[in-house]
Every structure is written in structure tokens, then in C-alpha cells.
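Residue strings, one per chain:
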Amino acid sequence: MASITLSKVFKSYGSGKTANQVIHGVSAEIHDGEFVVVVGPSGCGKSTLLRMVAGLEEISGGEISIGSRVVNDLEPSERDIAMVFQNYALYPHMSVFDNMAYGLKIARVPKDEIKARVDKAAKILELGQYLNRKPRELSGGQRQRVAMGRAIVRQPQVFLFDEPLSNLDAKLRAHTRLEIQKLHRDLGITSLFVTHDQVEAMTLAQRMIVMNAGIMEQFGTPEEVYARPASTFVATFIGSPPMNLIKEAPGAKPGVTVGIRPEHLDITDSGWALTVDALETLGAERLVYGRWQHGEGYELVIIRCDEGRPVPQLGSTIHVTPRPDRLHYFDTTTGKRI
Amino acid sequence: MEKRVRFKSRWLPWVLVAPQLAITLIFFYWPAAQALLQSVMMDAPFGGSLEFVGLDNFRQLFNDPDYLASFRTTAIFSILVAVCGLSISLLLAVMANRVVRGERFYKTLLIWPYAVAPVVAGVLWVFMFASPMGVIAFWLQAVGINWNHLLNSNHAMTLIIIAAVWKQISYNFLFFLAGLQSIPKSLIEAAAIDGASPWRRFWTIVFPLLSPTTFFLLVINVVYSFFDTFGIIDATTKGGPGKDTSILVYKVYYDGFKAMDMGGSAAQSVILMAIVVTLTVIQFRFVEKKVQY
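Residues numbered from 1 in each chain as written. Chains lettered and ligands numbered in written order. Predicted model: local features only at pLDDT ≥ 70, side-chain atom pairs only at ≥ 80, totals over all residues. Heavy atoms only, no water.

Considerations on the interface of chain B and chain A
Line of reasoning, step 1. Taken together, the contacts link 19 residues of chain B with 23 residues of chain A.
Line of reasoning, step 2. Buried area between chain B and chain A, both sides added, is near 1,700 Å², and the carbon and sulfur share of it is 63%.
Line of reasoning, step 3. Applying the counting rule to chain B against chain A returns two salt bridges.
Line of reasoning, step 4. Two residues, R51 of chain A and E189 of chain B, come together in a salt bridge whose shortest N-O distance is 2.6 Å.
Line of reasoning, step 5. Among the elements of the structure, α8 (185–193) and α9 (198–228) of chain B are those that each provide at least two residues to the side of chain B that touches chain A.
Line of reasoning, step 6. In terms of residues, the side of chain B that touches chain A owes the most to one element, α8 of chain B, which gives seven residues. (Contact = heavy atoms within 4.5 Å. Buried area = accessible area lost by both parts, 1.4 Å probe. Salt bridge = Lys/Arg side-chain N within 4 Å of Asp/Glu carboxyl O. Helix = DSSP H or I, 4+ residues; strand = E, 2+ residues; numbered from the N terminus.)

Given below as C-alpha cells:
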């Protein structure tokens, strides 16, 4: 087991004047045994970052260490990692057993130990009866488990996951999320998990890295990221519906954007006056979309109402008051938290 | 809503497929039937009459040491053409698959030989190997090899194999390249993480996944070396020296049109037909069943 240290990691494609930098100096310290999720919109560089840790992409600048070793110039096989790919990357011509045993055979692990290790992994993942099947004879969920099994049997220092759940249907995804959590509790192997799905990130992460356009916006526990977003990007990316951001809120200084989460706005007798534009019922809660006129334009403010609370009429005017201790302030130009 | 066009007329579909049917019937089935018929007939020595002789033509063939020798020549020739052709083009495809810059240029150049007619390909190589003035023959002489494919049967065999392989590499290359590009990159990456060296990755992942392509090409190449190489042989060695490069299809032509033994020649084409049918059946059986993922 090992920690992962990223220090000022850069990635660019091409060279010279045409170089295209996609990761702009990411530094992070991932502790031994920790489960860290990298989350961000598509194209933010999260997969590239993971592939640099894996050794599948060259590191253009900075340093990556696994344990105490700098791995910049090491081959993927020398980094003592295992990776679960988005499309699982199972070897289609090999049985489930051979898929899991491939790495061990190359490492010249004795035959009976290979069998023991694969059997154990198959037992954990409930794959025992499928060991002789080919990947094409398995369902999506089973293939996903084989991919995990292939990672487990190697007993690596680090697990890398590249959006491993995105090809599963919603129900299976929720189930597999729990399985991954349990697996991590049992094995305690340092894990780096890349996803674009904030629910996955919030539920799986011990700490999470929020990335945007090649920059690490925030690194913290899910609670921290949710309660104290470091920037307007994090504020709107994490949480659904996103945080309301109001540029020229009453009482706020110029150049400051005020943020307030939909659940921290209460409908009161006086306060900000909004026209109800739309209503959405989600079962346990309702979302009220209020239009707030100011100057010539307007802003849409979302309010979350729990079940049982009175719901305003469409088109009516309501008054809302934010809970003062839940207000967030951001610099309008940089987007950074103040 | 029905999206396909449906014809009510009874004869229109037949009219529409008629050209294709006519071509197949006139150019494939008719000659084949003719050959079948002729294979059990014998011409009178000076023409004029035909006599039914049953399987005599076939019996004679299998007692003819020349014919058996031609089988051996064909076997050596086609195995070498297939093996050399496939391995060289696989190597080229693997390298082309790694090229990042100038990829199109490289591919285009590799595909060109396919546009060259077999006879032209043969003539091209004859010029280069023509002793003593051909470019390659000249070089060979410089290193002490006295090249003469008109007298030395090994030289002759080498020459037609080179010409035949050169001509077929483009075709194989295209299929191999397409096969390589259809292997997901993540498989190779997974194998790299699993610790496999590039060599091992190729033999344990890439090559097995290419096996449907390889098998398909193997059959195509064997059929090619059996039949389509006629032009090359006719333009280079004419089956010589002696009959040492006279493969089955060349012998069919020679016995029929030079030696004027129509019955024997027809019997040989019937045997060739049987070989092709067998190869095709094997190909369909195999490709559908075993070698697919």
C-alpha cells in the first residue's frame, strides 16, 4: 500500500508554439489507503490525470510519486498499480479465469497460487460459476466485476478507476457503488477514481478533487466541498440543483457574487420578492423556480421545499429569506471564494 | 409505414437481377459445365471427333509423374507465397499502425502495387532480375551470386514468389491494418499494466484477436497463389526451367492450349475447381464458427 503524491503536474500535447496544455499544474497528496475521487465535466483533464498516474500518458512537467518512488519514468507495469477501464478492456479471447490470471502468469506466480488468488477474488465478486466463460457470454455488470477481479488479484499498491460505472444502468450503478465501497473497506488499498457523476463522487469519496479545464478547483472531503465550495464552479457543479449565484444581491458589496443553496432559502412574509416561474415535483421535495427582476435583466432562483411545506401558486409573487449563516461569497471576476 | 419499395409485378424482379444472372451463367457456369463435360471426353489426334472415355483422363493424370510434380510445385509455391505475404504485410501493418505523421502517404504507397496488373508485375521483376543487366541481378553478381532464373529452378521459383508476394502485400496490408485498428487501445493498455512486454502483448493479445483476419487472408492468399499468379508466371518463367515452376493452373493452360490435350486439361480444371470449393467451404465453416469474438 502506498500514498500518491502529485506535485505541480503538467500535461501538454505537441511541442513548441503549437503545444496545447491541458493540465495546468495539479498538486495533491493522497494518503495511504485513502479513496479519492476525481470529478469534473468532460474534457477537464481528469482521465488524463489518471492515465498519467497509470503511466499510459507521459508527464510533461512536475512529479508523480507512488509510495516513496518517483514514477515519472517508470513503465505502467513497474508502478505496481491496477486499473479498471471504462469499457473494462477484458481480453475477449480469454476465459474469465485467464483474464484474471494474465498478469499473474506474466509475473511468474506459481500455478497453484494463481488459482488460489483468482478463486478468492472470484468468491469476493461472486464470479465463481463464470470462471470458464468468455467475456461476451457475460452481462455488463458481470464484465465490470471481472475487470475489478483482474485488478484485485494483482494485489497492487494502488487501484485506478476510469469511470468504471458509466456503462451500467442506473440500478446496477447504485449497487456497484456500494460494492466498491465495501471492497475498499475490506482491502484498504489506495484508490483513485475518476468520474463525471457528482453523485458517485459524493457517495464514494473520502476526499474528492474537483477539476475544471485542467485546474484543480478544490480538494477536500465531500462535506467540505458541499458546505464550503472554493469557487463558483464547484458551487454550481456539486449539488443538484446547483447553488444559486446572485451577482448583485441586495446588501452585498459590488464585485461580490452571493451564493445560496436552494435548501437554504425559506419562503417568508417579507424578503426578496420573486415571481414563481415553474414548479417541479420530485417526490420527497419540490423545486420552485423564482424569477427575480433586477434592473433590466432577471435571475432565476431555485428554492427547495420539503414535503409538507406549503407550495406557492404558479405566477404568484413570493418572498424568500436566505439563512444568513449559509450564505457564500465569491469574487465576481475570479470566481474564488472570499 | 413501409419504407421499402415493393414491386407488384411478377417479372420486374427477374428483369432486375437478369444482368447479374446472365453474367454468372455465361461466364461461370457455362465454362464450368463445359470443363466438366470435356474432362470425360477425348479429342481425336487431329481433331474432328470427340469420344467419351469416362474417367480415363483423371486416371491418366494421377499416373502422370509430371502432374504429381506440379502438385508439389504448387504446394511449395502457395505455402511460401501465403506465409511470406502474410508475415511481411502483418509486419508492415503493425508498423503503419504506429506511424503518427505522414500516415496517409505511407499507406497510399503501400497500396499502389495492388493496382498493378499481374503480368506487368511479372515483367517488372523480370527486368530487375534479368541477367546480367537487371538492377538486382547486377547487385547479386557484385556479391558473387550468378543469378539466372532461366536455368536455375530455385532462382525461378524465388523470382515468381517475390513477384507474387509483392503484388499481394497491399491487399493483406489493408485487411491487417483494419484489423489492428479495430482492436481497442484499452486492451493493449490493460496488458501493459498487467506487465506484458510489447512482444508478449503482440503474441498474446493482438495476434489472437487478428486470427479471424489472418485466417480469411490465408484462404484468399492460397486461392490467389493457385490462380491469379498465372499472369506472373506466364510473363516471367513460362513454367520453366523445364516444368519446375509450372503450377497447376499453368499446367492446365499449357496442356490445353500448347499441348492441345483438351480432355486432360479439362480434367485438371475440374480438380482445381474441387480444391477451390473445398477451400471456400472450410473458410465459411471456420469463419462462422471458431475464430470469432
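That covers the picture; the talk isn't over yet.
Describing the sheet that holds strand β5 (residues 69–70) of chain A
Residue and element names in this part refer to chain A.
Line of reasoning, step 1. Spatially, β2-β1-β4-β5 is the arrangement adopted by the four strands of the open sheet, whose pairing is antiparallel. Of all the strands in the sheet, the pair left with one neighbour each is β2 (20–30) and β5.
Line of reasoning, step 2. When strand β4 (residues 61–66) meets β5, the two strands line up antiparallel, connected through two bridges. What sits directly across from I66, in β5, is R69. (Pairing = 2+ DSSP bridges.)

Examining the pairing of strand β10 (residues 215–220) of chain A
Residues and elements named next belong to chain A.
Line of reasoning, step 1. In the sheet, strand β9 (residues 207–212) pairs with β10 via five bridges, with the strands oriented antiparallel. Its bridge partner lying in β10, N212 is registered against I215.
Line of reasoning, step 2. Here β9 hands over to β10 after two residues, with A213 in that stretch at a positive phi of 50°.

Here we look at the environment of H294 of chain A
Residue and element names in this part refer to chain A.
Line of reasoning, step 1. If you trace the backbone, H294 turns up in strand β15 (residues 285–294).
Line of reasoning, step 2. Taking C-alpha positions, H294 is 71 Å from E113, a pair spaced 181 residues apart along the chain.
Line of reasoning, step 3. Ignoring any residue separated from it by four or fewer positions in sequence, one finds H294 in contact with E248 and E299.

Structural notes on the environment of F286 of chain B
Line of reasoning, step 1. Its location among the elements puts F286 of chain B in helix α12 (residues 262–289).
Line of reasoning, step 2. Between the alpha carbons of F286 of chain B and F215 of chain B there is a distance of 8.6 Å; along the sequence they are 71 residues apart.

Here we look at the packing of helix α3 (residues 65–98) of chain B against α9 of chain B
A pair of packed helices is characterised by two quantities: the angle between their axes and the separation of those axes.
All names here are of chain B.
Line of reasoning, step 1. The contact between α3 and α9 brings their axes to 9 Å, and the two run at 140°. By the angle class used here, α3 and α9 are oblique. The chirality of how α3 crosses α9 is right-handed. Where α3 abuts α9, its residues T74, F77, S78, V81, A82, L86, L90 and V94 lie against F202, F207, L210, T214, L217, L218, N221, V222, Y224, S225 and F226.
Line of reasoning, step 2. Counted by class, the contact of α3 with α9 contains 14 nonpolar, five polar and no charged residues. (Axes fitted to C-alpha atoms, helices over the stretch in contact; angles between N-to-C directions. Parallel < 35°, antiparallel > 145°, perpendicular 65-115°, else oblique. Left-handed = near helix turned anticlockwise from the far one by under 90°. Nonpolar A, V, L, I, M, F, W, Y, C, P; charged D, E, K, R; others polar.)

Describing unusual backbone geometry
When glycine is set aside, most residues are seen to have a negative phi, and most peptide bonds are trans.
All names here are of chain A.
Line of reasoning, step 1. At the junction of S240 and P241, the peptide bond is cis and its omega measures out at -5° in the coordinates.
Line of reasoning, step 2. Here the phi dihedral of R108 falls at roughly 55°; this positive angle occurs in a residue that is not glycine.
Line of reasoning, step 3. You can see R108 is positioned in the loop between α2 (96–106) and α3 (111–124).
Line of reasoning, step 4. Here Q155, not a glycine, exhibits a phi torsion of approximately 50°, which is positive.
Line of reasoning, step 5. Mapped onto the elements, Q155 comes out in the loop between α4 (140–153) and β7 (158–162).

Describing helix α5 (residues 170–187) of chain A
Residues and elements named next belong to chain A.
Line of reasoning, step 1. The end-to-end C-alpha distance of α5, which contains 18 residues, comes to 26 Å, matching closely the 26 Å that a straight helix rising 1.5 Å per residue would cover.
Line of reasoning, step 2. Within α5, burial applies to T176, R177, I180, L183 and H184. The arc that holds the buried residues of α5, viewed along the axis, is 130°, so those residues lie on one side. In α5, those exposed residues whose orientation departs by more than 90 degrees from the buried face are K171, L178, R185 and D186.
Line of reasoning, step 3. Tucked into the core, α5 has its buried residues touching β3 (35–39), α3, α4, β8 (190–195) and α6 (198–204).
Line of reasoning, step 4. G188, located one to two residues past α5, shows a positive phi value of around 60°. (Expected span 1.5 Å × (residues − 1). Buried < 20%, exposed > 50% of the residue type's maximum accessible area, 1.4 Å probe, protein only. Arc of directions from axis to C-beta.)

What to know about the sheet that holds β15 of chain A
Residue and element names in this part refer to chain A.
Line of reasoning, step 1. What the five strands build is an open sheet, ordered β13-β17-β14-β15-β16; its pairing is antiparallel. Bordering the open sheet on either side are β13 (265–268) and β16 (297–306), each of which pairs with just one other strand. Strand-to-strand twist across the sheet, computed as the mean angle between neighbouring axes with direction ignored, equals 45°.

This is a description of form; function is not addressed.
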